[in-house]
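# Observations on chain architecture
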Amino acid sequence: MSHRVSVNPITCEAHGMCAEMLPERVTLDEWGYPIVDETPVSGAVLAHAMRAARACPTFALLVERERAPSRR
Amino acid sequence: MSASPPTLSGDRSPSHEATPALPRLLAGIPSDGAMGLGEHLALHGPPPLIRGRGRRQDQERAERLIAEIDRAGLLGRGGAAFPTATKMRAVAGSRGRAIVIANAVEAEPASFKDRTLLETLPHLVLDGGLLAAEAVGADELIVCVSESARASAQSLRTALGERATRAHDGAVERSPRVRVETLPDHYVAGQETAVINHLGGGPAKPLFTPPMPFERGLRRRPTLVNNAETLAHIALIARHGAPWFRQLGTPTQPGSALVTLSGPVAYPGVYEVEHGASLASLIEAAGGTTAVLRGALLGGYAGAFIGAERLRGLGLSNEHLAAHGASLGAGVILLLSDSACPVAETARLARWLSDQSARQCGPCLHGLDALATSIEQIAEGRAGARATQRIDRLGSMVVRRGACRHPDGSVNVLLSAMDTFRAEFAEHARHGPCERCASPEELPLPRREIAPDPPPRRPSLLGSRS
């Protein structure tokens, strides 16, 4: 079962913790907001992702089990 | 009024021979005021009954109506062209009592079709809304208009009053409750989650999805949000059937559509066209052009520009328009005359789009502002050599990074302008403003203020959410 990292752009306030803690999937744009690579994560990277999500001051970083692509 | 309502069973052939091709929605449109309930029923007949004959039969009829809409191939008319039946099935299949929202907020400054429908033919929209509500098992229909559309709200209230009176003699017996709500006038207020957010007591700004409205929307209930025109089509599909609907349009985009045509034509306004009809025939119906054209904007301010040289032979369907990176969107067609400066117009549009950001998502807030600044610099002739690369990079940095599609639509329309008017952009980058820069402004960009931001959220670090 694979997991995917994403960000809630409304709650995100560009603290940048995610890029520090999960450079495997997150880089920052020129204003400090995360650009998230949505390639599935597993193993050690998944563990880092969970830690980064818990460390986000606004809980904007999401780690979710892969689900059917939503209509958007 | 004793004629029995038509059924959807298919054992009776729909009465399409008797129905003229066009207009459909706009048939019998009064020259002044709104069509009353009596006239509406005399013209279209009563809508088929869905509910009221016991659970099992009701369920069957609800499913049959959705199947008919599916066969008709009706696509949403709010701009996204999403299959209406798919959305309805998702709502009907979600847990909990559904709510239906008729979205006539029409925040697109150059669009007047939903307003026109409500001001002249409110019963068509109400029929469609009630049928949709019954089909998905909703007990509530909320019709949403923008604050500035006072005539729409008034027309709706009068129409609801007529129905309340009629309900006594059994002519229109419908169970869902109906109410009218108004939303503030700004560009993103018409986005479906912004409507839900506002109705739920929040600001009229988009929400983060998932959950999608069809699974958990207003008051956490499954919510069907349909554009007013979409509902009006449902009102007719329920009466005449899918084969009738498909007599017009293209196989992938069946039926007719309302378009708002503005710019240098003799009679700008709302027209009903068959999907696939030529832009030339629409312009002809509008009395022809009154100036030489430089281009057209299709699909409104989230759409795309097409240069005048490519307008000849252009078909009004998404298949035709896709080749030009455009789509019909909510049916907005803006013609740009040869006397306007396309660069100045694009710069104004870029700043306006940036101002219309809900200011919720960083990439949209900062990205659209940076994009507008770069385009303004080109228009004023003070951009660096790398301005175009900067704009391309900003574009790809902003797309798909907002909670809604405002940044995506904005990037799309601005990049299409730079591509379509390449020569003028190059000219401005080198020599600054041209003589046409001072011409009267052509793109309508009303000042619509977004409510001030709520106090900053204090992130709560107490309590764990896992």
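Residues numbered from 1 in each chain as written. Chains lettered and ligands numbered in written order. Predicted model: local features only at pLDDT ≥ 70, side-chain atom pairs only at ≥ 80, totals over all residues.

## Observations concerning the overall build of chain A
Along chain A, the regular secondary structure elements total two helices and four strands. Each helix and strand of chain A, ordered N terminal to C terminal, gives the series β-α-β-β-α-β. Rg of the C-alpha trace for chain A: 11 Å, near the compact-globule value of 11 Å for 72 residues, within the 12% margin. Seen through its C-alpha atoms, chain A measures out along the principal axes to roughly 30 × 30 × 20 Å. Contacts in chain A between residues far apart in sequence, at least 24 positions, make up 65% of those at least 6 positions apart. (Helix = DSSP H or I, 4+ residues; strand = E, 2+ residues; numbered from the N terminus. Rg over C-alpha atoms; globule rule 2.2 N^0.38 Å. Contact = placed C-beta atoms within 7 Å.)

## Remarks on the packing of helix α2 (residues 55–72) of chain B against helix α3 (residues 84–92) of chain B
Residues and elements named next belong to chain B. With their axes 8 Å apart at the nearest point, α2 and α3 run at an angle of 155° to one another. It follows that α2 is roughly antiparallel to α3 by the angle criterion. In contact with Ile66, Ile69 and Asp70 of α2, α3 contributes Thr84, Ala85, Met88, Arg89 and Ala92. Looking at the contact of α2 with α3, its residues break down into five nonpolar, one polar and two charged. (Axes fitted to C-alpha atoms, helices over the stretch in contact; angles between N-to-C directions. Parallel < 35°, antiparallel > 145°, perpendicular 65-115°, else oblique. Nonpolar A, V, L, I, M, F, W, Y, C, P; charged D, E, K, R; others polar.)

## Section: the environment of Leu22(A)
All names here are of chain A. Residue position: Leu22 is located in the loop between α1 (17–21) and β2 (26–28). A count of 25 C-beta atoms within 10 Å places Leu22 in the buried class. Along the chain, Leu22 and Ser42 lie 20 residues apart, while their C-alpha atoms are 13 Å from each other. Excluding residues within four positions of it along the chain, Leu22 makes contact with His48, Ala49 and Ala52. (Buried ≥ 20, exposed ≤ 12 C-beta atoms within 10 Å, placed from the backbone.)

## Quick look at unusual backbone geometry
Generally, phi is negative for residues other than glycine and the peptide bonds are trans, each holding for most cases. A cis amide bond, omega 0°, links Leu22(B) with the succeeding residue Pro23(B). Within the element layout of this structure, Pro23(B) appears in the segment before α1 (37–44). Between Pro210(B) and the following residue, Pro211(B), the backbone shows a cis peptide bond with an omega angle of 0°. Tracing the backbone shows Pro211(B) in the loop between α7 (192–199) and β4 (223–227). Despite not being glycine, Phe59(A) has its phi angle at roughly 50°, a positive value. In this fold, Phe59(A) is placed in the loop between α2 (43–55) and β4 (61–65).

## Section: helix α5 (residues 122–136) of chain B
Residues and elements named next belong to chain B. Helix length check: α5, at 15 residues, gives a terminal C-alpha distance of 21 Å against a target of 21 Å (1.5 Å per residue), a fit within 8%. When you tally the buried positions in α5, you get 15 out of 15 residues, the bulk of the element. Immediately downstream of α5, the backbone of Gly137 shows phi near 75°, a positive value. (Expected span 1.5 Å × (residues − 1).)

## Looking at the packing of helix α12 (residues 342–355) of chain B against helix α15 (residues 406–420) of chain B
All names here are of chain B. As a packed pair, α12 and α15 sit with axes 10 Å apart at the nearest point and diverge in direction by 170°. Judged by the inter-axis angle, α12 sits roughly antiparallel to α15. As for how α12 packs across α15, the hand of that crossing is left-handed. Of the residues in α15, those touching α12 at Pro342, Thr346, Ala350 and Leu353 are Ser410, Leu414 and Ala417. In terms of residue class, the contact of α12 with α15 is built from five nonpolar, two polar and no charged. (Left-handed = near helix turned anticlockwise from the far one by under 90°.)

## Details of the interface of chain A and chain B
By a widely used convention, the size of an interface equals the accessible area lost when the partners come together. Listed by partner, the interface residues are 14 residues for chain A and 16 residues for chain B. Here the residues of the side of chain A that touches chain B sort into eight nonpolar, three polar and three charged.

## Observations concerning the confidence of the model for chain B
All names here are of chain B. Per-residue pLDDT for chain B has a mean of 91; in total, 90% of the residues score no lower than 70. Within the model, pLDDT remains below 50 along residues 1–19, and this stretch shows 29 contacts once partners closer than five positions in the same chain are excluded. Segment residues 455–466 is flagged for pLDDT under 50; beyond a separation of four residues in sequence, or across chains, it makes four contacts in the model. What the predictor reports for the complex is a pTM of 0.90 with an ipTM of 0.91. (pLDDT = per-residue confidence, 0-100.)

## A closer look at the pairing of strand β1 (residues 98–104) of chain B
All names here are of chain B. Counting buried residues in β1 gives seven out of seven residues, a clear majority hidden from the surface. Here β1 shows two buried faces, one formed by Ala98, Val100, Ala102 and Ala104 and the other by Ile99, Ile101 and Asn103. As paired strands, β1 and β4 are joined by five bridges and run parallel to one another. Opposite Asn103, over in β4, you have Asn227 as the bridge partner. (Pairing = 2+ DSSP bridges.)

## Quick look at the sheet that holds strand β9 (residues 332–337) of chain B
Residue and element names in this part refer to chain B. The five strands lie next to each other as β6-β5-β9-β7-β8, forming an open sheet whose pairing is mixed. The open sheet terminates on both sides in strands that have one partner only, identified here as β6 (269–274) and β8 (304–307). Adjacent strand axes in the sheet meet at a mean angle of 30° when their direction is disregarded. Where strand β5 (residues 256–262) meets β6, six bridges bridge the pair, whose relative direction is antiparallel. Bridge pairing in β6 links Leu261 to Gly269.

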